[in-house]
Structures are given as structure tokens and as C-alpha cells.
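Listed below, chain by chain, are the residues.
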Amino acid sequence: MKFNYDGKLLDIEIEKLIIAGWTGRDVEQRNKHIIELAEIGVTPPISTPCFYSVSKSMATNEPSIFVSSKYTSGEAEVFLIFHNNEIYVGVGSDHTDREVETSDVLLSKQCCHKPMSIDLWKYTDVYDHWDNLVLQSYIIYENEVVLYQNDTLSNLLHPEVILKKYEEEISSIESGFVMFLGTIPLETSLRYSDTFKVRLYDSVREKSLTHEYNVIAKLS
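Here is what the cut-offs are and how they apply
Residues numbered from 1 in each chain as written. Predicted model: local features only at pLDDT ≥ 70, side-chain atom pairs only at ≥ 80, totals over all residues. Heavy atoms only, no water. Phe/Tyr/Trp six-rings, centres within 6.5 Å; stacked < 30°, edge-to-face > 60°. Buried < 20%, exposed > 50% of the residue type's maximum accessible area, 1.4 Å probe, protein only. 1 Å grid on protein atoms, 1.4 Å probe; cavity = no way out; pocket = protein on both sides within 12 Å on 5 of 7 lines; lining within 4 Å. Points joined across faces, edges and corners; volume = space filled by probe spheres on them. Nonpolar A, V, L, I, M, F, W, Y, C, P; charged D, E, K, R; others polar. Helix = DSSP H or I, 4+ residues; strand = E, 2+ residues; numbered from the N terminus. Arc of directions from axis to C-beta. Contact = heavy atoms within 4.5 Å. Pairing = 2+ DSSP bridges. Axes fitted to C-alpha atoms, helices over the stretch in contact; angles between N-to-C directions.

Draft legend 1. Main features of the packing of aromatic side chains. Summed over the entire model, instances satisfying the criterion amount to 10 aromatic pairs. Plain terms: the ring middles of Tyr123 and Tyr127 are 5.5 Å apart, the flat faces sit at 80° to each other, and that makes the pair edge-to-face. Exposure remark for Tyr127: the relative accessible area of 41% places this residue in the partly exposed category. Each ring, one from Phe196 and one from Tyr213, has its centre 5.8 Å from the other, and the planes form 50°; the classification is tilted.

Written out as C-alpha cells, the structure is:
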């Protein structure tokens, strides 16, 4: 896939794509959310955070994705890419099939492409103020632009905590590894939209990463 860092083209071969789940920093809120989802049929994880492996072919930075159900929606997430001894940061969406999710969380992740921003930052650019970064998403709902998610990364586990657990319990990390780091709460109820936009804002450097994509449902 083609990416851009500070005007420099990066041609990165993605070898492994992992979606980290249940990465909220507040344990009480995390457990509350697990109970809420269990009540609507979503199987709770054995432990948190947990990790879902998705085919690397599901990674995309195209402006549109195709889905097989009208009941799919995006989740704003920061992702990390390991490439040539560097770690890069981007913003994307863990687009998920909500009907499938009630019976099989892993399959619901695997059903949909994972949109990713073309522009990246180096992890070292933002490491010292990571918790201050603001993650947002926007949808078009009833012909209006709606702020769908909005929170700082201080409410998610720090990447080093997530990566350490992955390496201890799953596998070592090599070049070509991509991990989505979990999402933040919704500002409203779950809604479906044909357009989804994600933004990661760095107030210290006054810079943003963004990605917007269209959702095209092919129902036959």
C-alpha cells in the first residue's frame, strides 16, 4: 500500500493486520460496556484487551468500500504500522457488520474492509503527548454532518501496554505489522451512514490526520 509521511512516499507491504478490542483505560467503564453488549447478544471477551486477526487484504486507503449488508458502521481508531525499524501512526476505521457481531465478533471484523489514512506521522512525533491527541469521527445523518465520536486518547490504553500484551500472549512484532488500537465511545446512539470520516488532531503541533470514505452496500 502507498502511504505518505511528511511528503515522502512510503510503499509498505502489510504482512499482518490486527484489531485490538476492549482497550478502554477505565476498567469499570470497560466492564460496563461488556455487560451492555452481552445483553444484546455480543459474546464478551475472555480477557481484555483482546486481539482479532483480519486478512491483510482487508486493509485499504481507497475512498470507498463495498459491504454486503446495510447494517454496517465505522469506528474511529488510531493504527500503528511497523516499517523498516520505524513505527508510524495513522487514523482509520474498524468498519464492522453489526448483525454478524451479535453472533460472531471475529467474523464481524473480517466481513468489512479497514479504511486507513494515506498520511502518517512517526510515533516519535507524538509519543510525548500521546494522551492529548483527539480522535473524532463524523457521519452524514438525515442530510446533516454529525459529530459521531470525540475523545482524547487518554481514555484508551497506551499503545505500549497493548503491544506488550500482544507480544507476551500472541506473537512478536515484525516489519509489515499493523494494529488498530481500539475505539472510543459514541456521542449518540449507533447509526448507519453512507459516509464516514475520521480525524486525529494534535493540538501541540496543530496538525491533523484525516480519512473519509463512502460505504456502498451491495445487497445482491
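Draft legend 2. Geometry of empty space enclosed by the protein. By the definition in use, this model includes 1 cavity of 30 Å³ or more. Looking at the largest cavity, its volume works out to about 50 Å³. In terms of residue class, the lining of the largest cavity is made up of 9 nonpolar, 1 polar and no charged.

Draft legend 3. Expanded view of helix α5 (residues 159-169). Where α5 is concerned, the buried positions are Pro159, Ile162, Leu163, Lys165 and Tyr166. Projected onto a plane normal to the axis of α5, the buried residues spread over an arc of 160° and lie on a single side. Projecting away from the buried face of α5 at angles above 90 degrees are the exposed residues Lys164 and Glu168. Where α5 is buried, its residues contact β3 (16-21), β4 (50-54), β8 (76-83), α4 (123-126) and β15 (177-180).

Draft legend 4. Structural view of the sheet that holds β8. One open sheet holds the 8 strands; their spatial order is β2-β1-β12-β9-β8-β15-β3-β4, and the pairing between them is mixed. Only two strands of the sheet have a single neighbouring strand rather than two, namely β2 (8-11) and β4. Strand after strand, the sheet turns through a mean of 30° between neighbouring axes, direction not considered. Pairing between β8 and strand β9 (residues 86-93): 8 bridges, direction antiparallel. Bridge pairing links Val78 to Val91 in β9. Contacts from α5 reach β3, β4, β8 and β15 within the one sheet, and its direction differs from that of β15 by about 120°.

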